[in-house]
Amino acid sequence: MTTGEATKTRSAAVIDGIKSSTWSSRIAVALTAFLLVMLLVRAVQEPALFTSQLLIGLTNGAILSLIALGYTLVYGIIELINFAHGDNFMIGSFVGLTVLSGTIFGLGLFAPITINSGAPLRILGVLIALFVAMAACGLLNVGIERVAYKPLRNAPRLAVLITAIGMSFILQNVGLVWKGPIQVPFPELISSANILPSDAIIFRWKDLFVVLVTVPLLVALSYFIGSTKQGKAMRAVAQDKDAAAMVGINVNRTISITFLLGGILAGASGVMYGLFNGITIFNVGFTQGLYAFTAAVLGGIGNLTGAVVGGLLIGVISAMSDQYIGTSWTPIVIFSVLILVLVFRPRGLLGDRSAVQGGGE
Amino acid sequence: MPLLELDNVHSYYGHIQALRGISLTVDEGEVVTLIGSNGAGKTTTLRSIHGVLPPREGRILFSGEEIQGLPAHGMISKGISQSPEGRKIFHRMTVRENLEMGAYHRNDRAGVHEDIDRVFELFPRLQERFKQEAGTMSGGEQQMLAIGRALMSRPKLLLLDEPSMGLAPVLVERIFQTIEEINKQGTTILLVEQNANVALEIATRGYVLETGTIVNEAPASELREDPKVREAYLGEI
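Residues numbered from 1 in each chain as written. Chains lettered and ligands numbered in written order. Predicted model: local features only at pLDDT ≥ 70, side-chain atom pairs only at ≥ 80, totals over all residues.

Tell me about the environment of Val119(B), and please be specific about residues and values.
Residue and element names in this part refer to chain B. Positionally, Val 119 belongs in helix α4 (residues 109-122). Taking the C-alpha atoms as reference points, Val 119 and Leu 99, 20 residues apart in sequence, are found 8.8 Å from one another. With sequence-adjacent residues up to four places away left out, Val 119 is seen in contact with Leu 99, Leu 126, Gly 148, Leu 151 and Met 152. (Helix = DSSP H or I, 4+ residues; strand = E, 2+ residues; numbered from the N terminus. Contact = placed C-beta atoms within 7 Å.)

Here you go:
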């Protein structure tokens, strides 16, 4: 009896919701539903192709998620869109590439690690490249905060945003000087061969590599923020800086640690991007950064789960768009998603600023 | 030697001077109250003591040691703790997590558990709300939590900023009874309050602030009888 009533009130609420919705939101829902149905039709027509695209989308999305987390962590704690973050990701891919080349600052430390190196050496090379890039980007991010954002802690929000954009240009030009204006190839260290026995559904070693790096990082991050003292301090600072200082939390140090975490994730993401796509370029941070930013907004900026969900969604959407609409349309599709989210659900799918502050929506 | 001594403290918000040479003392075991109207500088005084707004001039001594200029997050290990204006609890954390954050600088788990129990003895309502998200509680419960959180560091000096603000009279009375109880258990209290009536009832001494300066200092019983104070702050003509 009670459950029946509950369902009744719930359906009544849904009907009320539809009645009170605006025409533009109804059109948006109809459009989304139409696209989903079209996708479903395609999925039924060619399930293997659809599944392969889905898997590629998820792996690409995982790389984006790690960048998106950097945006969202920083936003959650100091309400700044760190526009230099995408370029930090680019620096990460460059650092990884340099480590793999074996020549660092003109010093030939070891022979370049290439596709011809033995498997153990390749694995070792990839791991070292990952760790060095993570450390470098983490420290770079901390440095950027110290130099460009901390002095403006009490300045108007717009001032910090402009320094962030400035920082982005500086890093991009450092990249330009470092590796030149053209695409630089990454050694093909991880096989593009399919793991799965059938040829219909494709899931490559490369894809597995991304999963194997991303999942532990996400688990570690979630443990750090949810269960460690420092993680709790981060949540406290995100909620109220004065109160956090009063209970003895060093607010500046906590903000530095947040930037360190964001940078570490960007570094890992940068190396993975290079190994996954086989190339990198000085302005890769701009495009990937914007995609990741879109992902963070889609999930709800400041919300960590949201960044991961948003990243995976953007990855899948772009893979589907590449396959069924056309590669050149993909940026249009993605930024249309950004506009739609900002118009109809400005707080994102999972709500903004909730996870980092502790507790979901 | 007084527990806390302010010697000619000047504080500014940007170019605006908020404190113009505040000097006051708080002895161990006392409840000292600062009364005054809105904007007199009561909260600013607490913020200056706590290092959230470091004074530009003057000295602040705690147990004889100069503490002005120390960062705010260092005060808790000196033995100063605050229940700030507007409560400033961590809204998205549970009651338990809020209390644990109050003991952030401590590493003795057993002691922290003991102190959580002590806070629950003082405020049984908090025990009922143990796992609730703090932001969803009523104003009175949030005030209890703010005071409870401040107690978790076992402070020598507890700064209380407007604990009566926005609360129903019954609740104000209960909170002030608890504040008296906390003081009896050995914590020195510096209380900022617009509700001078209740403040002077539990205080040993009081200072009257007007536009950033101290205009009067006397035992609480005397201030209660002072015609000027009665007219300006106790709502009597």
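Quick rundown of the interface of chain A and chain B? Include the residues and the values.
Of the residues lining the interface, 19 residues belong to chain A; the matching set on chain B comes to 19 residues. Across the side of chain A that touches chain B, the residue classes tally to eight nonpolar, seven polar and four charged. (Nonpolar A, V, L, I, M, F, W, Y, C, P; charged D, E, K, R; others polar.)

So what about helix α3 (residues 95-102) of chain B? Which residues, and what values?
Burial analysis of α3(B) places six of its eight residues in the buried class, the great majority of the element. Every buried residue of α3(B) is accounted for by Val95(B), Asn98(B), Leu99(B), Glu100(B), Met101(B) and Gly102(B). (Buried ≥ 20, exposed ≤ 12 C-beta atoms within 10 Å, placed from the backbone.)

Quick one: what's the story with the pairing of strand β4 (residues 57-62) of chain B, residue by residue and with numbers?
Each regular strand shows side chains that alternate between the opposite faces of the sheet. All names here are of chain B. As paired elements, strand β1 (residues 4-13) and β4 share five bridges and run antiparallel to each other. Looking across to β4, one finds that Glu 5 is bridged to Leu 61. Joining the antiparallel neighbours β4 and strand β5 (residues 65-66) is a turn of two residues, in which Ser 63 adopts a positive phi near 50°. (Pairing = 2+ DSSP bridges.)

Give a description of the nonpolar core that names residues and reports values.
Grouped together as the largest cluster of nonpolar side chains are 162 residues, with contacts concentrated most on Val237(A) and Ala268(A). Per-domain counts for this core show at least three residues from each of domain 1 (1-79 + 157-173 + 187-237) and domain 2 (91-154) of chain B. (Core = buried A, V, L, I, M, F, W, Y, C linked by C-beta atoms within 7 Å. Domains from an automatic or database assignment.)

Outline the packing of helix α3 (residues 47-78) of chain A against helix α11 (residues 284-299) of chain A, supporting the account with residue identities and numerical values.
Packed helices, taken two at a time, are described by the angle their axes make and the gap between the axes. Residues and elements named next belong to chain A. Contact pair α3 / α11: the axes reach a minimum separation of 8 Å and the direction vectors enclose 70°. The angle between α3 and α11 places the two elements in the roughly perpendicular class. Crossing handedness for the pair α3 and α11: right-handed. Facing α3, whose interface residues are Leu 64, Ser 65, Ile 67, Ala 68, Tyr 71 and Thr 72, α11 presents Gln 288, Gly 289, Tyr 291, Ala 292, Phe 293, Ala 295 and Ala 296. Its residues assigned to classes, the contact of α3 with α11 comprises nine nonpolar, four polar and no charged. (Axes fitted to C-alpha atoms, helices over the stretch in contact; angles between N-to-C directions. Parallel < 35°, antiparallel > 145°, perpendicular 65-115°, else oblique. Left-handed = near helix turned anticlockwise from the far one by under 90°.)

Let's hear about the confidence of the model for chain A: which residues, and what values?
Scored by pLDDT, chain A has a mean of 89; 95% of the residues are at 70 or more. Note that pLDDT drops below 50 for residues 354-361 of chain A; the model gives that stretch 31 contacts with residues more than four away or on any other chain. (pLDDT = per-residue confidence, 0-100.)

Please set out the sheet that holds β4(B) residue by residue, giving values where relevant.
All names here are of chain B. In spatial order, the strands read β2-β1-β4-β5; together these four strands make up an open sheet with antiparallel pairing. Where the open sheet ends on each side, the last strands, each with one partner, are β2 (16-26) and β5. Relative to β5, β4 is paired through two bridges, and the arrangement is antiparallel. Pairing of Phe 62 across the sheet is with Glu 65, part of β5.

Quick one: what's the story with the domain arrangement of chain B, residue by residue and with numbers?
Residues and elements named next belong to chain B. Segmenting chain B into domains produces domain 1 (1-79 + 157-173 + 187-237) and domain 2 (91-154). At the interface, eight residues of domain 1 touch seven residues of domain 2. Counting only elements with at least two residues in the side of domain 1 that touches domain 2, the list comes to α2 (75-78) and β7 (157-161). Considering only residue class, the side of domain 1 that touches domain 2 consists of six nonpolar, two polar and no charged.

Give a description of the pairing of strand β3 (residues 31-35) of chain B that names residues and reports values.
Residue and element names in this part refer to chain B. Burial runs high along β3: five of the five residues are buried. Residues of β3 alternate between two faces, with Val 31, Thr 33 and Ile 35 on one and Val 32 and Leu 34 on the opposite face, all of them buried. Inspection of the sheet shows β3 paired to strand β8 (residues 188-192) by four bridges, in the parallel sense. Counterpart to Val 31 in the pairing with β8 is Ile 189. Two elements, β3 and strand β9 (residues 205-210), share four bridges in a ladder whose sense is parallel. Among the inter-strand pairings, Ile 35 is bridged to a residue of β9, identified as Val 208.

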